[in-house]
Amino acid sequence: MRRGPGGEASLRRRRGPARLWVAVAALVAGTIWLCSSSSVGLFGASYRVQDVDVNKLWRTADSNGWRASSAPRTYWPPPPTESESSGYLRVRCNGGLNQQRSAICNAVVAARIMNATLVLPELDTNSFWHDESGFVGIYDVPHFIKTLKYDVRIVMSIPEITVNGKTKKLKAHQIRPARDAPVSWYATVALEKMKKYGAVYLTPFSHRLAEDIDDPELQRLRCRVNYHALRFKPQIMKTSSEIVNKLRSEGHFMSIHLRFEFDMLAFAGCIDIFTPHEQKILIKYRKEHFAEKLLVPEERRLIGKCPLTPEEVGLILRAMGFDNTTRIYLASGELFGGKRFMKPFKAMFPRLENHSTVGPGKLEENTQGLAGSAVDYMVCLLSDIFIPTYDGPSNFANNLMGHRMYYGFRTTITPNRKALAPIFIDRAQGRAAGFEQRIRQVMFNTHFGGPHKRIHPESFYTNSWPDCFCQTNARNRADRCPPDNINDVLESQFQSEEEVEESRTANQTDSAGQTEEAMI
C-alpha cells in the first residue's frame, strides 16, 4: 500500500457445542488448571527462525508447571455483616466495556480495604456507543454477588434509613478520587468520610486505585473479580458460544483486534496515510476531544505509537507462515478509511468473519454497543490465537491478554510495533530485501502469552503472573498451590462468622427483653 504524503500536524490529544459450554463455564466456575510456558517463549531459549513451525502456535504456550489460582493463601476473614460494615460504597465506572471492567475490580478491592458494603457498581452511559445497558444489562448479577460472598457484601442499592421517625434515603457523600490513589487513601481519607456520612460516592472511578499493591491477597481478589465473578449475561454467553462453534467447526481459528477506528487513529496522531479530507476529519476530532500536543506521524510510527494497518497485519501473518486458508475473526468497530484499507488484507486472507457475519442473527438490541463488544471479547478469549494490533491505551486488548494468560496461557501474538516500524518503512521506500525474514525475527522473539515477569508499563490486568498463579512442585513456598478444598475452608469461616453474628443478635434481643420485664 502506498503511503500518503508525510508532514507535521498540530493535533490535540485525548486519550462440539456441549464441550464449548463446559469450557465457558470452566472459565468462571473455579480455579483453572493450566498446561503451558516459560518466559523464554514457546520455542525455547534458542532457535533458528527458518526452523520455526508456525503450527505450534495453535497450541497453548508452555506453562512450566504454573496454573491459575486466585484463591486466598492466608487467613481471609469473611466480609463484615450489616452491623459491622463501615458504610456503603457507590462508584460510577466510566469508559468503555473493559475500562469499566477494571474499575469494577478496583471497586471490590476498595470496598474490602474500607470494610464497606459495596453497592452494585454503576456503568456510565458510554459516550461513544451511547449504550445504557448498565451492569444488569451486561453482567450476570446473581453470579457476581454469589461468587464474591466470601470477599465483600454487595447490595443493589443504598437502603433507606429512619431518622426521628421519618424514612428517607441515605445520601452518599461524593468524592473525586485521585488517579491511581494508593491503598492508604482508601483506608484513611475515604474511610473517614464514609464513617461520617454513612456512604460515599466515588466518581469518576476509572484508574482510581493503584495497580501496584503490596498485599498479594488484594491482588488475588482483583483476579477473582475479573476472571470468576464478572460473567456476561446468559444470552451474551450463548451467542459467543454459537459463534465459536461455527468458527471451530472447520478447525483452528485466530482472532484479531483490528484497532483502526477513527478515534484511536486521531488519538495516536497517525494521519499521514490518509487523504487530505480524511486528515481534516481526524484533526477536527482530536481538537474537540484531546489536549493540544504537536505530533509528527513519522516520529509516532518510529516509536511504535501507530496502530498497524490491515495490510501490515496481513503481511506479518504471511511472513510468519500462515496461509490463505487461515480462518480469522475480526473484533473491531467501523474501520476508518473505507474498504481500500481492507482490500489488501482480504486478498491475502479471504476467510474473514465478525460477529455480524457469523453470528446467530442480530444481537439483543444492537451489535455496536456493549453487548457487541462483550461478544467480541468472549470470542477472542476462546480463540486459539489472539493478535492485538494496538495494545497502547486499548483496554480491550490489554484485558484480553491477561485473561488468556489466566485461562491456560492461550497463545497471544503481540507485534512489537516499534521493532516492526523500520521494516515497513524500508519496504514502503523500495528496500524490501529480506523483508519476511526480518519480520519473522521480530515476531518469533516473544513469550506468546506464556508466564513472564511484568515490567512497567505492562498492566496488572494484562499480566497477573505470578500473583494469581501457583506452581505445582514449587520450590518457593509463596508459589505453592493452596489446598483444593479452599472454597470449603472459606465457607466454613463464612458460616462461623454468621453464627457469631446471629448469637450476638439473639443475646442483644434477650437482654432487651429482660430489661423490659424488669421495668414492668
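Scoring rules and cut-offs
Residues numbered from 1 in each chain as written. Predicted model: local features only at pLDDT ≥ 70, side-chain atom pairs only at ≥ 80, totals over all residues. Heavy atoms only, no water. Helix = DSSP H or I, 4+ residues; strand = E, 2+ residues; numbered from the N terminus. Buried < 20%, exposed > 50% of the residue type's maximum accessible area, 1.4 Å probe, protein only. Polar contact = N/O pair within 3.5 Å; in protein donor to acceptor, adjacent residues only side chain to side chain. Contact = heavy atoms within 4.5 Å. Pairing = 2+ DSSP bridges. Right-handed = clockwise from strand over helix to strand, strands pointing away. Axes fitted to C-alpha atoms, helices over the stretch in contact; angles between N-to-C directions. Expected span 1.5 Å × (residues − 1). Bend = angle between axes of the 7 residues up to and from the residue.

Caption draft 1: Spotlight on the side chain of Thr462. Mapping Thr462 onto the fold places it in the loop between helix H17 (435-443) and strand E16 (469-471). Under the relative-accessibility criterion, Thr462 is labelled buried at 7%. A distance of 3.3 Å separates a polar atom in the side chain of Thr462 from the backbone oxygen of Asn398. The contact partners of Thr462, leaving out residues within four places of it in the chain, are Asn398, Met401, Gly402 and Met405.

Caption draft 2: Representation of the pairing of strand E13 (residues 328-331) in the model. Burial along E13 is two-sided: the residues Ile328 and Leu330 and Tyr329 and Ala331 are all buried. Here 4 bridges tie strand E11 (residues 254-257) to E13, and the two strands are oriented parallel to one another. Bridging from a neighbouring strand, Ser255 pairs with Tyr329 of E13. Pairing of E13 with strand E14 (residues 352-353) involves 2 bridges; the strand directions are parallel. Note on E14: the bridge partner recorded for Tyr329 is Glu353. Taken together, E13, helix H12 (residues 343-348) and E14 constitute a β-α-β crossover, and its handedness is right-handed.

Caption draft 3: Region of interest: the sheet that holds strand E15 (residues 385-388). Spatially, 4 strands are ordered E14-E13-E11-E15 in an open sheet, and the strand pairing comes out parallel. Single-partner strands in this sheet number two, and they are E14 and E15. Packed on one face of the sheet, helix H15 (residues 395-406) meets E11, E13 and E15 and runs near 150° to E15.

Caption draft 4: The pairing of E15, seen in detail. In E15, alternate side chains face the same way, and those of Ile385 and Ile387 on one face and Phe386 and Pro388 on the other are all buried. Bridge analysis of E11 against E15 gives 4 bridges, and the strand direction is parallel. Bridge pairing in E15 links Met254 to Ile385.

Caption draft 5: Structural context of helix H5 (residues 183-197). When the terminal C-alpha atoms of H5 are compared, their 20 Å separation across 15 residues agrees well with the 21 Å that a helix rising 1.5 Å per residue should span. The principal kink in H5, of about 35°, is found at Leu191. Looking at the buried positions of H5, the neighbouring elements they touch are strand E3 (88-93), helix H2 (97-114), strand E9 (173-175) and strand E10 (199-202). One or two positions beyond H5, positive phi appears at Gly198, with a value near 90°.

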